[in-house]
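# Summary of structural features
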Amino acid sequence: MTAVLWLRRDLRLHDLPALLAAHEGGQVLPVFVVDPALLATAGPVRRAHLVAALEDLRESTDRALVVRTGRPEEEVPRLVRESGAGSVHVSRETTPYGRRRDARVAAALGDVPLVATGTPYAVGPGVVRKADGDPYRVFTPFSRAWRDHGSPPPAPPPARLRWRRGVATEELPGADGPPTHAVGEAAARERWAEFLDTDLARYDTARDRPDLDATSQMSVHLKYGTIHPRTMLADVAAHPAGRTEAARRYVTELCWREFYADVLWHHPASAWSDLNDGLRSMAYEDPAGTPAAHVRAWEEGRTGYPFVDAAMRQLRETGWMHNRARMVVASFLVKDLHVWWPHGARHFLAHLADGDLASNNHGWQWVAGTGTDAAPYFRVFNPVSQGERFDPAGDYVRRHVPELAHVPGAAVHQPWRVPDGLAHGYPERIVDHAAERAEALRRYESARAA
Ligand code: FAD
């Protein structure tokens, strides 16, 4: 008998419960369906990563991987008919689109079961709940319950896997350029081992410093599922530094990813609208209206605030941005330019290699003060002092903003104060931060009073 293994964002063979379940069903037919509805929203950076991850998977399945393009509810049943498969195996998908799609596919499959085993998370979204069964809305108690719940040890791939062959495949879709990060299961494990060796032990003190490159950059691998978080948690626990504050802090960050997936599971509408009703009457600018030039300057890294511009250029050049910088640029768009967060979230998803609906859109809501556990709206990040604090020697700015390469040290965060600071084409500030902060607070007070 053949069992279809329909892969989506779990492009690996290790620690993949759905593969073990498919193996129980007989010969495994690994399948990826290129869904035009999803591909259209991916943007060139993520498309390049997806294609490279699929190339890697094609090799690790001894070229048994079958690729089809079309609507999954048509393509998956077609593959079942062509192969005579008795079951279709997936990792449970928990995003709003993924849930709707899987319900359509299950219906279209009729008597052939769509079997969901495991999720892309250590603890599946919807599992961790309060004693009364309600979902958590606040991170800290969620994280305590999540740690208490724990997760099983990673499962190795089946010893005697038999791939089903002889089913026609399409070529992989094309990409506009190479991926910005090394892609595939081996690349994920290599990067992970490197991080464990070099940076885990200092993660708690260095993680907030974009100049140091001290975070794991595992977000890109988690995005495509070339590694599972359960594997990472087991490795952290077994590491010599596994009991340190640094390791605890790293696990907390992995838990944020799980928390946001849980929030999205319980509140699918929060993907694109305020989770928290409190600021529904907030006055925002139309990003295509009066401040269009400002929004473009933000997107292109020409706001005149060096820390913001370095971050936005890092995004464009590398497909990734440091977490501290994500918070500061998001605050700048929402609170200095007064633009509603979904505009920024969309821009991020178009350019981030790790673009993930739950982490991205709830990260934006956290900054905008509209999400769970949100930073209060009145906390406005100061782009200059954030730069001085988290890029103390100015190296991050100079790395990404060549027009400021001649400005030494921390002075680079206020080039307008340096005699020839703006001499090499770096722009004037597009807004006055102090004035826009006051404006943001004024809008906040009137939204609260409404
Ligand atoms: P590390 O510091 O090494 O952390 C390890 C892992 O923990 C990360 O890979 C990630 O999976 C998880 N993690 C860390 N911080 C967070 C967090 N705040 N929220 C959720 N998970 C976290 N993360 C994404 O994976 N995709 C996104 O699209 C995304 N968009 C964001 C948008 C905004 C406005 C903000 C403020 C944060 C966003 N994040 C997103 C979260 C975080 O910035 C990235 O996960 C992190 O920068 C990735 O780098 P890293 O792997 O080196 O992180």
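Residues numbered from 1 in each chain as written. Predicted model: local features only at pLDDT ≥ 70, side-chain atom pairs only at ≥ 80, totals over all residues. Heavy atoms only, no water.

Looking at an unreviewed UniProt entry, one finds the chain named Deoxyribodipyrimidine photo-lyase and attributed to Georgenia wutianyii. Regarding the chain, the relevant UniProt record gives this comment under Cofactor (unreviewed entry): "FAD". Note on the chain: under the UniProt heading Sequence similarities (unreviewed entry), the record states "Belongs to the DNA photolyase family." (UniProt positions renumbered as here; feature names shortened; annotations may be inferred.)

The environment of the ligand is formed by 27 residues, the closest being Y203, T215, S216, Q217 and N323. Interatomic distance of 2.6 Å between a side-chain N/O atom of S216 and an oxygen atom of the ligand. For the ligand, a nitrogen atom lies 3.1 Å from a polar atom in the side chain of N360. The protein chains hide 95% of the 810 Å² of surface that the ligand would expose on its own. Of all the elements in the fold, those that place two or more residues in the shell around the ligand are α8 (219-224), α10 (245-266), α13 (323-336) and α15 (357-368). Of the residues forming the shell around the ligand, the biggest block, six residues, is contributed by α10. When the residues that make up the shell around the ligand are grouped by side-chain class, the tally is 13 nonpolar, nine polar and five charged. Counting contributing residues, the shell around the ligand receives three or more from each of domain 2 (122-153 + 184-266) and domain 3 (277-449). (Near = heavy atom within 4 Å. Polar contact = N/O pair within 3.5 Å; in protein donor to acceptor, adjacent residues only side chain to side chain. Areas by Shrake-Rupley, 256 points an atom, 1.4 Å probe, with all protein chains shown as cover. Helix = DSSP H or I, 4+ residues; strand = E, 2+ residues; numbered from the N terminus. Nonpolar A, V, L, I, M, F, W, Y, C, P; charged D, E, K, R; others polar. Domains from an automatic or database assignment.)

Let us now look at the environment of E258. Note that E258 resides in helix α10. Overall, the relative accessible area of 3% leaves E258 in the buried class. A C-alpha to C-alpha distance of 7.4 Å links E258 and V123, two positions 135 residues apart in sequence. Contacts of E258, omitting those with residues within four sequence positions, involve Y121, A122, V123, F142, W146 and P229. (Buried < 20%, exposed > 50% of the residue type's maximum accessible area, 1.4 Å probe, protein only. Contact = heavy atoms within 4.5 Å.)

Attention now moves to unusual backbone geometry. Phi at D15 is positive, roughly 50°, even though this residue is not glycine. Mapped onto the elements, D15 comes out in the loop between β1 (2-7) and α1 (17-24). Located in the positive-phi region is Q217, a residue other than glycine, with phi close to 55°. Residue position: Q217 is located in the loop between α7 (203-206) and α8.

Now for the pairing of strand β4 (residues 87-90). Alternating positions in β4 separate into two faces, S87 and H89 on one and V88 and V90 on the other, with burial throughout. One ladder, built from three bridges, connects β1 with β4; its direction is parallel. Residue pairing across strands places L5 opposite H89, the latter belonging to β4. Note that β4 and strand β5 (residues 114-116) share three bridges and pair parallel. Along β5, the bridge assignment pairs V88 with L114. After leaving β4, the chain enters helix α4 (residues 96-109) and then returns to the sheet as β5, a path that is right-handed. (Pairing = 2+ DSSP bridges. Right-handed = clockwise from strand over helix to strand, strands pointing away.)

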